[in-house]
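This is what each chain is made of:
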Amino acid sequence: MKRTAETPAILRTLRSLKVVVLHPQDQDGEELLAQLQRIGCDVEVFWPRLDSLPAGTGLVVMAMRPETLSMTFPWLGTSTSPPVIPVVTYENPIIIEAVLQLNAYTTIPSPVRSSGLLTAIVVALAQFKVSRGRERYIDRLEQKQARLRIIQQAKQIVMETRGVSEEEAYQILRSQAMLKREQIETVASEIVKARETLCF
Amino acid sequence: MTRHDSDHTSEPIRIGVLYSRSGVTAAVERTQLQATILAVEEINRAGGVSGREIELVCLDPQCKPRCYAQLAEELIVEHRVRIIVGCYMSSSRKAVIPIVERHNALLFYATPYEGFEHSRNVIYTGAAPNQNTLPLAGFMLTQFGSRVSMIGSDYVCPYESNRVMSDLILERGGAKANEIYLSLDAPWESYLDAAQRIKECAPDFIFSTVVGEGIPHLYRAFAHVGLDPYRVPIASHMTSEAEIAVMGNDVAEGHITCATYFQSIDTPANLGAVARYQARFGEDQPTNMCWEAAWFQMHLLADAIRRVGSDDPALLQRVLPGLEFDAPQGRVRIDEHNNHTYLHPLIGRVDTRGRFDVIGRAPERVKADPYVVSHTTPAWTADAHPELARSGDAQ
């Protein structure tokens, strides 16, 4: 050990984390609730149904039981869904398939013990954050890619219709954009659309 | 009651003991062993529990985590023990937990540790960080400043304490002057070198998480390089009367410890326990925080056995949460939800006789919060007798 690092931000925020527990009140349910309260999270327990998540839910811990397989939870799998940690009792293929559907980053085995839950929560939150960040990055890349493609097409049209070089075509697009106080890709897409309209 | 029943119920209750008599932390573990023996002798002299004597099965794990695990298994399987008291360093406790959980036995653990643990099969009677590191940090950062040198033994408990301290230092805009870790068996020369490096950094105080045989080395090295404890003290939550007895009062004087017990406490419970201990084990035997927890946990355990009339861990787990006892430090209570203990944090400064002058105390017992990540220092540490903290300036 060289130097202690600063405490990770996710660990610091655990005491304000709102956790929804979707689990029957059996021994596992009691163990889960007690350990989440020791960790200091804000916990609410539901079972068996939960049609909408309470506002501000940051994590869902849910029992994977045969009886939950037929249920639908409308708040799962949307762009605003929080991470889900399944509590796995059966390890048969049907249940494992259901676990895969949740896109979980980690699972908690039954019987539930107090040790292991804290690590599972932090791993789930950290991976969720990484994954959300990566999705946003991919979105931005795709948008950028689409913009570049439009500008490229527009340049091509200008080069062909005006008989200019690629560099000159780009300068024409740029000065048009400045003149109209528009983004260069807006001008480009108008040109591409106009060409499409002309070439029906 | 049939004759058979009375035979059966008068059999002694056997309790396993895992304290090391050799190895790096043997000095303090020996005091925990003797505290356990004292408590059991007191319980038996008063008639035992429900008419049964307590019989200790003491094995020596020699400060080796692997031995703790093997001997815990041996106690449960061969000696038919359902309750074990013992372990000191976290590595030993972590080695024993899987075994007590597998056999549904109970471990009573009487040593301060780094928190972030809960097992249904462990009762924690030593301090969690919010009961020692936190008050110590609050007191030192307020009274001495926030440029801090850290020195610790190279294992998990010191890292975790230093994480807490580092966060608090940074929050106050302070700085870590240095952060040094030495192996548990590091020689005197390593401590001398570390003391020299710390002296050159001129910090406001030193936060020590050194344990075991390294503690006397550390304090001697500080005296050797000429650091004045009344200007730049070592602050620790592990240095106790046990280590002061080894290093010598002259070397220890002026340094600061936060603990939930000091021998110098003048409660009737403490005066009585210390007198009986010294009558039994020698007038020169000092007591310490780990001794006290080892002593009171045995009385708490006896009370729990009395209540359920059995040493069955499943039954004991029902009555232990919420149980209270008038310990030498004051009234303690096992928390209903986390198996840790409400304790009374104190800040003490070593006097010329090697005893702790209490220069700060929590206004009431403090609930253990083993899973707290972001700490705030308790208010009482900010106004805990600054004139006493600085008393050396006048000398």
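All of these numbers come straight from a predicted model, not from anything done at the bench.

Let us look at the interface of chain B and chain A. For interface size, the figure often reported is the accessible area lost on association. In this assembly, 18 residues from chain B lie in contact with 17 residues from chain A. Taken together, the elements giving at least two residues each to the side of chain B that touches chain A come down to α6 (156-171) and β7 (175-182) of chain B. Of all the elements, α6 of chain B adds the most residues to the side of chain B that touches chain A, at 6 residues. Its residues placed into classes, the side of chain B that touches chain A shows 7 nonpolar, 7 polar and 4 charged.

Right, let's get into helix α11 (residues 268-281) of chain B. Think of an α-helix as 3.6 residues a turn; residues three or four steps apart then line up on the same face. Residues and elements named next belong to chain B. Helix length check: α11, at 14 residues, gives a terminal C-alpha distance of 20 Å against a target of 20 Å (1.5 Å per residue), a fit within 8%. N270, A273, V274 and Y277 are the residues of α11 that are buried. The buried residues of α11 occupy one face: seen down the axis, they fall within an arc of 100°. Seen from the buried face of α11, the exposed residues on the opposite side, beyond 90 degrees, are P268, L271, G272, A275 and A279. In this structure, the buried side of α11 is in contact with α2 (26-45) and α12 (289-308). Of the residues flanking the end of α11, it is G282, one or two places downstream, whose phi is positive at about 125°.

Right, let's get into the domain arrangement of chain A. Here the domain parsing of chain A yields domain 1 (9-115) and domain 2 (135-198). For domain 1 of chain A and domain 2 of chain A, the distance between their C-alpha centres works out to 48 Å.

To continue, consider the nonpolar core. Of all hydrophobic cores here, the largest spans 119 residues; its most connected members are A72 and I84 of chain B. Two domains each donate at least three residues to this core, and these are domain 1 (3-127 + 266-342) and domain 2 (130-264 + 345-394) of chain B. When residues no more than four places from it in sequence are discounted, the contact partners of I84 of chain B are G16, L18, A72, L75, V100, A105 and L107 of chain B. Judged by nonpolar contacts, the second largest core, of 33 residues, contains L14, V20, A124 and L125 of chain A.

Turning our attention to the packing of helix α7 (residues 188-201) of chain B against helix α8 (residues 214-224) of chain B. Residues and elements named next belong to chain B. Running from amino to carboxyl end, α7 crosses α8 at an angle of 45°, the nearest separation of the two axes being 8 Å. By the angle between their axes, α7 is oblique relative to α8. α7 and α8 meet at a crossing whose hand is right-handed. Counting all contacts with α7, which are made through W188, Y191, L192, A194 and A195, the residues of α8 involved are G214, H217, L218, A221, F222 and H224.

With that settled, consider the pairing of strand β4 (residues 106-109) of chain B. Residues and elements named next belong to chain B. Of the two faces of β4, the one carrying L106 and F108 and the one carrying L107 and Y109 are both buried. As judged from the 3 bridges shared by strand β3 (residues 83-86) and β4, these two strands associate in the parallel manner. Residue pairing in the sheet places I83 in a bridge with L106 of β4. Following the chain from β3 across helix α4 (residues 90-102) to the adjacent parallel β4, one finds a crossover that is right-handed. Pairing geometry for β4 and strand β5 (residues 122-124), over 3 bridges, is parallel. What sits directly across from Y109, in β5, is Y124.

Residue and element names in this part refer to chain B. Splitting chain B by domain gives domain 1 (3-127 + 266-342) and domain 2 (130-264 + 345-394). For domain 1 versus domain 2, the distance between C-alpha centres works out to 28 Å. Residue-level contacts link 33 residues of domain 1 with 30 residues of domain 2. At the level of elements, α2, α4, α12, β12 (330-334) and β13 (341-342) are the ones that each hand at least two residues to the side of domain 1 that touches domain 2. Taken together, the residues of the side of domain 1 that touches domain 2 sort by class into 15 nonpolar, 13 polar and 5 charged.

Below, the discussion takes up α2 of chain B. Here α2 of chain B is 20 residues long and its end C-alpha atoms lie 28 Å apart, about the 28 Å a rise of 1.5 Å per residue gives. Two residues or fewer past α2 of chain B, G47 of chain B is found with a positive phi of approximately 105°.

Looking now at the pairing of β7 of chain B. Residues and elements named next belong to chain B. Alignment of strand β6 (residues 147-153) against β7, held across 7 bridges, turns out to be parallel. Within the sheet, the bridge partner assigned to R147 lies in β7 and is A175. On the question of chirality, the crossover connecting β6 to the parallel β7 by way of α6 is right-handed.

Residues and elements named next belong to chain B. Spatially, the 3 strands line up as an open sheet ordered β11-β12-β13, and their pairing is antiparallel. With partners counted over all chains shown, the strands left at the sheet margins are β11 (324-327) and β13, one partner each. Bridge count for β11 against β12 is 4 bridges, and the pairing is antiparallel. Its bridge partner lying in β12, E324 is registered against R333. Of the strands in this sheet, β11 and β12 are in contact with α12, which crosses β11 at around 140°.

The subject of this paragraph is unusual backbone geometry. Residue W47 of chain A is joined to P48 of chain A through a cis peptide bond whose omega torsion reads -5°. Mapped onto the secondary structure, P48 of chain A falls in the loop between β2 (42-46) and β3 (59-64). Looking along the chain, the bond that leaves S110 of chain A and enters P111 of chain A is cis, with omega of 0°. The residue P111 of chain A is located in the loop between β5 (108-109) and α4 (117-162) in this model. Of note in this structure, N104 of chain B is not a glycine but carries a positive phi near 45°. In the Ramachandran plot, A202 of chain B falls in the positive-phi region, its phi being about 45° despite a non-glycine side chain. Examined against the element boundaries, A202 of chain B turns out to sit in the loop between α7 and β8 (205-209).

What counts as what
- Residues numbered from 1 in each chain as written.
- Chains lettered and ligands numbered in written order.
- Predicted model: local features only at pLDDT ≥ 70, side-chain atom pairs only at ≥ 80, totals over all residues.
- Contact = placed C-beta atoms within 7 Å.
- Helix = DSSP H or I, 4+ residues; strand = E, 2+ residues; numbered from the N terminus.
- Nonpolar A, V, L, I, M, F, W, Y, C, P; charged D, E, K, R; others polar.
- Expected span 1.5 Å × (residues − 1).
- Buried ≥ 20, exposed ≤ 12 C-beta atoms within 10 Å, placed from the backbone.
- Arc of directions from axis to C-beta.
- Domains from an automatic or database assignment.
- Core = buried A, V, L, I, M, F, W, Y, C linked by C-beta atoms within 7 Å.
- Axes fitted to C-alpha atoms, helices over the stretch in contact; angles between N-to-C directions.
- Parallel < 35°, antiparallel > 145°, perpendicular 65-115°, else oblique.
- Left-handed = near helix turned anticlockwise from the far one by under 90°.
- Pairing = 2+ DSSP bridges.
- Right-handed = clockwise from strand over helix to strand, strands pointing away.

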